[in-house]
Amino acid sequence: LASFTIFQSCAQIFLSAEFGVAIIMISEEFPDSARGRGVAILHMVGLLGVVAGGLLYARVADSRYGWRGMYLIGILPLLLVAFLRRNLRETGRFVAMRETRTPEQIVELKKIGASIAHAFAPFRGPYRGRLLLVALLWNSVGLVGTPAVTFFSLYAKRDHHWTSSQIGHAIVLAYVIGAFGHLVAGWMLDRVGRKATLSLTYVLGAVSIFALFQTDTHAAMLTSMVIMVVAFQAARSATATYSAELFPTEIRATSYSMTVNLLGALASLATPFTIGALSHSMGGLGNAVALVSIGPVIGAVIVMIFAPETRGVSLEEL
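Below, the structure is looked at part by part. (Residues numbered from 1 in each chain as written. Predicted model: local features only at pLDDT ≥ 70, side-chain atom pairs only at ≥ 80, totals over all residues. Heavy atoms only, no water.)

## Thoughts on the overall build of the chain
A count of helices and strands for the chain gives 17 helices and zero strands. Radius of gyration (C-alpha) of the chain: 21 Å, near the 20 Å computed for a compact globule of 318 residues. Expressed as lengths along the three principal axes of its C-alpha atoms, the size of the chain is roughly 65 × 50 × 35 Å. Counting the 318 residues in the chain, one finds 41% classified as buried. By sequence separation, contacts in the chain at least 24 residues apart represent 78% of the contacts at least 6 residues apart. When the 24 basic and 17 acidic side-chain charges of the chain are each reduced to a single mean position, those positions are 5 Å apart. (Helix = DSSP H or I, 4+ residues; strand = E, 2+ residues; numbered from the N terminus. Rg over C-alpha atoms; globule rule 2.2 N^0.38 Å. Buried < 20%, exposed > 50% of the residue type's maximum accessible area, 1.4 Å probe, protein only. Contact = heavy atoms within 4.5 Å. Lys, Arg positive; Asp, Glu negative; His and termini not counted. Charge placed at Lys NZ, Arg CZ, Asp CG, Glu CD.)

Right, here's the structure in full:
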């Protein structure tokens, strides 16, 4: 258990880092009119990997390799990355920014103390308002989006007597269809706008998760589950687009990491404990989850009041 926890935690740290780098590179290299679609397609491809892992697990876990066989399979895409990175170049915006640095600044940035200070630069500059805005949006989604599948499994099996097979099929179906949620989000981000896409996906996600934990029939729960995953996957693409484009190049990656992986993850960490504590006093798990589904609605209100519209606008103008 100890070694698994250590290695899995390290894997999650570096997976989060590489996904953040990919979002930043897409944001800085794609045309302004296709930035949303680029981020959405990246999320969709990542989701296909999750679905493939879920389908493989049933076969691999029962083989002589056991669950470790999944990690063995995971080596294959790493070999592909090792080959592809040979032709990977820095983004044009980063190169242009780097050329403006003096030799003294370059030496200073290589020091550990300066790197730590740079990590907190967004809090001291004029973009701390946007930092808070994006972090609030991620927490609004994370309030129910992250633990939803975990609680769905418990709720469906314990309270509605679903079989493990039914739960597994429901999750795979939801995430397969959820991949198209990213495509819809990408189209809406670049055609309709960021504010409308964020607000619509947040509210749709809140309503569907409320319905999921308040309905009784198998068909209603399955439908709500699928709609919820589609909405929240679309919401993640939309929020990730905002996270990268609302900050200048010199702090874009730092701000993305702060808003997505640190400040924006607080609700995801706290919600399982909150729902667990509320479930007894509120008469069940379904009522507790239904209560916190107000989170994305609050996020939609924040978007409509405070968030800027960034569709088709260059990063320099933003």
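## Section: the side chain of T197
Position of T197 relative to the elements: it lies in helix α12 (residues 194-212). Judged by its relative accessible area of 0%, T197 falls in the buried class. Beyond its immediate sequence surroundings of up to four residues, T197 is in contact with A185, M188, L189 and A238.

## What to know about a nonpolar patch on the surface
A contiguous nonpolar patch, built from L56, Y65, L72, I73, I75, L76 and L79 and spanning about 650 Å² of accessible area, is present on the exposed surface. Residue contributions to the nonpolar patch peak at three residues, all from helix α4 (residues 75-84). With respect to the secondary-structure elements, L56 resides in helix α2 (residues 35-60). (Patch = residues over 30% accessible without salt bridge, like charges linked within 9 Å, V, L, I, M, F, W, Y side chains within 5 Å. Areas by Shrake-Rupley, 256 points an atom, 1.4 Å probe, with all protein chains shown as cover. Salt bridge = Lys/Arg side-chain N within 4 Å of Asp/Glu carboxyl O.)

## A closer look at the nonpolar core
Counting 59 residues, the largest nonpolar core has F152, Y202, F213, M225 and M228 as the members making the most contacts within it. M228 has contacts with A148, G205, S208, I209 and L212, leaving out every residue within four places of it along the chain. (Core = buried A, V, L, I, M, F, W, Y, C linked by side-chain atoms within 4.5 Å.)

## Here we look at the side chain of H160
Relative to the assigned elements, H160 resides in helix α10 (residues 148-160). For H160, a relative accessible area of 19% corresponds to the buried category. Once you skip the residues sitting within four places of it in the chain, H160 turns out to touch Y155, T215, D216 and M221.

## Points about unusual backbone geometry
The residue H161 is not glycine, and still its phi comes out positive at about 60 degrees. Secondary-structure assignment places H161 in the loop between α10 and α11 (164-191). Judged by its relative accessible area of 64%, H161 is exposed.

## Regarding the packing of helix α16 (residues 285-292) against helix α17 (residues 294-306)
Closest axis-to-axis distance for the α16/α17 pair is 5 Å, and the angle between their directions is 5 degrees. In this view, α16 runs roughly parallel relative to α17, as classed from their interaxial angle. Residue-level inspection shows A290, L291 and V292 of α16 in contact with α17, the latter providing I294, G295 and P296. Here the residues of the contact of α16 with α17 sort into five nonpolar, one polar and no charged. (Axes fitted to C-alpha atoms, helices over the stretch in contact; angles between N-to-C directions. Parallel < 35°, antiparallel > 145°, perpendicular 65-115°, else oblique. Nonpolar A, V, L, I, M, F, W, Y, C, P; charged D, E, K, R; others polar.)

## Considerations on the pattern of salt bridges
Tallied over the entire structure, the rule returns nine salt bridges. Between R158 and D159 there is a salt bridge, and its shortest N-O distance comes to 3.1 Å. Where D190 meets R194, a salt bridge forms, and the shortest distance between an N and an O atom there is 3.2 Å. Like D190, the residue R194 is buried in the burial classification. Here the residues in one salt-bridge network are D32, R35, R37, D190, R194 and E245, joined through shared partners.

## Things to note about the packing of α11 against α12
For the pair α11 and α12, the least separation of the axes is 7 Å and the interaxial angle reads 145 degrees. Taking contact as the criterion, the partners of A185, M188, L189 and D190 in α11 are, on α12, R194, T197 and L200. Counted by class, the contact of α11 with α12 contains four nonpolar, one polar and two charged residues.

## Observations regarding the environment of A235
In this structure, A235 sits in helix α13 (residues 218-245). Once residues lying within four places of it in the same chain are set aside, the contact partners of A235 are L198, T201 and Y202.

## Focus on α13
The first and last C-alpha atoms of α13 sit 41 Å apart over 28 residues, in line with the 40 Å expected at 1.5 Å per residue. The buried fraction of α13 amounts to 20 of the 28 residues, a majority that puts the element mostly inside the structure. (Expected span 1.5 Å × (residues − 1).)

## Topic: the environment of T310
Here T310 lies in the segment after α17. With 68 residues separating them in the primary sequence, T310 and Y242 have C-alpha atoms 8.1 Å apart. Those residues in contact with T310 that sit more than four places away from it in its chain are R35, R194, Y242, E245, L246 and L318. A polar side-chain atom of T310 sits 2.3 Å from a polar atom in the side chain of E245. (Polar contact = N/O pair within 3.5 Å; in protein donor to acceptor, adjacent residues only side chain to side chain.)

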